[in-house]
Amino acid sequence: RSNINAYGTYKPEGSILDIATDLDKFSISYAQPMLSDVFSEMEGNISGNIDLSGPISNLAITSNDTRLEDGLLRVAYTNVPYKAEGTFHLDETGAHFDDFKIRDNYTGTGTITGSINWDRLRNMTFNTSISIDELEGINILESNNDGVYGRVFGTGNISLTGPMNSILLSIDAVTAKEGQLHIP
């Protein structure tokens, strides 16, 4: 069962919002249509407090005790589903990962640090690092792709930086476990 309780005020003069929300296992699947280019599948729940305040054209967002529970995020480009959970907080500059963990369907793990930054909830940029240990990184079937396919596991560090339309992906990792990658 998903609950959202919201209360607040709206002042038409100046279009000012002041809304506080309490989320209790609120489904992240509502965000999937906006993030379908990144995640082909999203499940899980967010709990915590999120507040919006200020003029609609310049909303400030803050959160307290926000966490993802029972998350599943399938990365569209790699076809790998990750179980995800942990705490994060929101502020005017972005979403910040406080203690955020991912796991693959095997024994691989990862820790996400850093943030996804924004300017008034627009112009998103990444400043995110992922430390991985034997984590599945690619699971693309030959039948699903005309180019690169295979399954690869890795150990090391990954960073994602830059704006959404030009993300720089830096990988300092070695292969782990048995895997294959086919490049035509």
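Everything discussed here concerns the structure shown above.
Criteria and thresholds
Residues numbered from 1 in each chain as written. Predicted model: local features only at pLDDT ≥ 70, side-chain atom pairs only at ≥ 80, totals over all residues. Heavy atoms only, no water. Helix = DSSP H or I, 4+ residues; strand = E, 2+ residues; numbered from the N terminus. Buried < 20%, exposed > 50% of the residue type's maximum accessible area, 1.4 Å probe, protein only. Polar contact = N/O pair within 3.5 Å; in protein donor to acceptor, adjacent residues only side chain to side chain. Core = buried A, V, L, I, M, F, W, Y, C linked by side-chain atoms within 4.5 Å. Contact = heavy atoms within 4.5 Å. Phe/Tyr/Trp six-rings, centres within 6.5 Å; stacked < 30°, edge-to-face > 60°.

**Concerning the side chain of T21**
Line of reasoning, step 1. With respect to the helices and strands, the residue T21 is situated in strand β2 (residues 16-27).
Line of reasoning, step 2. According to the relative accessible area criterion, T21 is buried, its value standing at 13%.
Line of reasoning, step 3. For T21, the side chain forms a polar contact with the main-chain oxygen of I50, separated by 2.6 Å.

**A word on the nonpolar core**
Line of reasoning, step 1. Counting 25 residues, the largest nonpolar core has L90, F100 and I102 as its most contacted members.
Line of reasoning, step 2. Contributing elements (two or more residues each) for this core: β3 (39-55), β4 (60-75), β5 (80-91), β6 (94-103), β7 (109-119) and β8 (122-140).
Line of reasoning, step 3. Excluding anything up to four places from it in sequence, I102 contacts Y82, K83, A84, G108, T109, G110, I112, I130 and L135.

**Overview of the packing of aromatic side chains**
Line of reasoning, step 1. According to the stated counting rule, one finds three aromatic pairs in the structure shown.
Line of reasoning, step 2. For the ring pair Y106 and F153, a centre distance of 5.4 Å and an interplane angle of 75° mean the geometry is edge-to-face. Residue Y106 is found in the loop between β6 and β7, and its partner F153 is found in strand β9 (residues 149-163); the two are separated by 47 residues along the sequence.
Line of reasoning, step 3. Take F153: its relative accessible area is 6%, and that puts it in the buried class.

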